[in-house]
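# Reading the structure
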Amino acid sequence: MSAVLNKYRGTLVGALVGDCLGANYEGVSSVIPFGEVTDYTMSGIKNKKDPIRYTDDSAMTRAICKSLLDQKKYDNRSMAVEFVKEFFKDPTRGYGQAVGKVFERLRDDDPEDITYPARCQFDGQGSYGNGAAMRISPLALFSKNSQELQEIACQNALITHAHICGVNGAIIQAIAVYKALHIEPPSLEPYNFIDHLIEVAEKIEERNVDKRSLSGSPSLPTRPFSYAGKMKEMKELFWQNDAQETGTVVETLGNGIRAQEAVPAAIFSFVLKGKLSFEDSVNYAISLGGDTDTIASMTGAISGAYWGVENVPALWKSKCEAVDEAIVFADRIFELHQERI
Ligand code: R7I
Ligand code: MG
Ligand code: MG
């Protein structure tokens, strides 16, 4: 298998296994001892007979893959159609409480502007949940360059999340995956990695201030949350050497369902354990507690893009639902990407 294909497969399989394994702890509000997490993920699951089910994170990721492969280009309406199909096929996959309303409106009203239902959420503020960021990794595999990726990640996020924090979180998560795809192990430099994301975030946040709103949505808070600022705090965490203290990490970054918490937590889990292994990053992500399936899935996408599928534990690949399908998606998006460049 080529090195690039290894990384493509790693991205989608990484996102999937993170979701499946993290789901066991979703909603645990406190941090979880690392040893307790590894007891479950490295041995507890050995006895499981049925595949470990994936949640909405992976359901929406596969909808993005399907649309890309069906259209052979990026098409936002097709993305919306696939999300709706995926949701109504199985609404019990643990979706966010409010996002089902968007899918209902997309299905029942078939609006000309497909971002309209998302803009109606939360009294017109739009959702700041992490649901756009959690699904975004296939777009990093598809895109020709960082600029294109930022544009389509933004469009994709707006189908369900109109709040600027939800949208920017998706763009930054996408760029983190894209960057990790282009670094060969073991040459990750944590500070450079975070600096790159800070640079991207600063540019996005400058543009947001210029425009004052996204796509006509009045969702820009007076003092919007800054991902760039949060990632500077993340760098401080490294310097202070507090990083082993998960309580401090959660206090600084958060571990919740908001994109502004989950995305930084996922990036941090990748870089902190990035010198060690794929499984260390994912296990660490789960140990932060909170929105564990989503944080572990986003960590898994970034780590998998860096390490490649060959470094994903065989046990995880054999126990999680739909790993084979993720590999097929990765291979086909790889081919599509080759045709595009
Ligand atoms: O963002 P979303 O798709 O949810 C993703 C999360 C992941 O953890 C998945 O694993 C799954 O468990 O859900 O779905 P939304 O319903 O848009 O947002 C999720 C939640 O964030 C909402 O149900 C709210 O609790 C909260 N939320 C908000 N609360 C108040 N005001 C999001 N936006 C707002 C807001 O503007
Ligand atoms: Mg989920
Ligand atoms: Mg979740």
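Keep in mind that what you see is a predicted model, and the values were worked out from it rather than measured.

## A closer look at the packing of aromatic side chains
- Within the structure shown, the criterion is met by 14 aromatic pairs.
- Geometrically, the ring pair formed by Phe270 and Tyr306 is edge-to-face, given 5.6 Å between the ring centres and 70 degrees between the ring planes. On the criterion of sequence distance, the pair formed by Phe270 in helix H13 (residues 259-272) and Tyr306 in helix H15 (residues 292-307) is long-range, its members being 36 residues apart.
- Owing to a relative accessible area of 1%, Tyr306 belongs among the buried residues under this scheme.
- Ring pairs connect the aromatic residues Phe87, Phe88, Tyr95 and Phe103, which therefore count as one cluster.
- Residue placement shows Arg107 over the ring face of Phe88; its charged tip is 4.0 Å from the ring centre.
- The ring of Tyr128 has Arg258 sitting right over it, with the charged end atom 4.4 Å from the ring centre.

## With respect to the coordination of the magnesium ion (ligand 2)
- Surrounding the magnesium ion (ligand 2) are the protein donor atoms Thr55 (OG1), Asp56 (OD), Asp57 (OD) and Asp293 (OD), at 2.1 to 2.3 Å.
- One chain supplies every donor for the magnesium ion (ligand 2), spaced along it as T-D-D-x235-D.
- Here the magnesium ion (ligand 2) and the magnesium ion (ligand 3) are spaced 3.7 Å apart, with Asp293 acting as a shared donor.

Cut-offs used in this document
- Residues numbered from 1 in each chain as written.
- Chains lettered and ligands numbered in written order.
- Predicted model: local features only at pLDDT ≥ 70, side-chain atom pairs only at ≥ 80, totals over all residues.
- Heavy atoms only, no water.
- Phe/Tyr/Trp six-rings, centres within 6.5 Å; stacked < 30°, edge-to-face > 60°.
- Helix = DSSP H or I, 4+ residues; strand = E, 2+ residues; numbered from the N terminus.
- Buried < 20%, exposed > 50% of the residue type's maximum accessible area, 1.4 Å probe, protein only.
- Lys NZ or Arg CZ within 6 Å of the ring centre and 35° of its normal.
- Donors = N, O, S within 2.8 Å, 3.2 Å for Na, K, Ca; no water.

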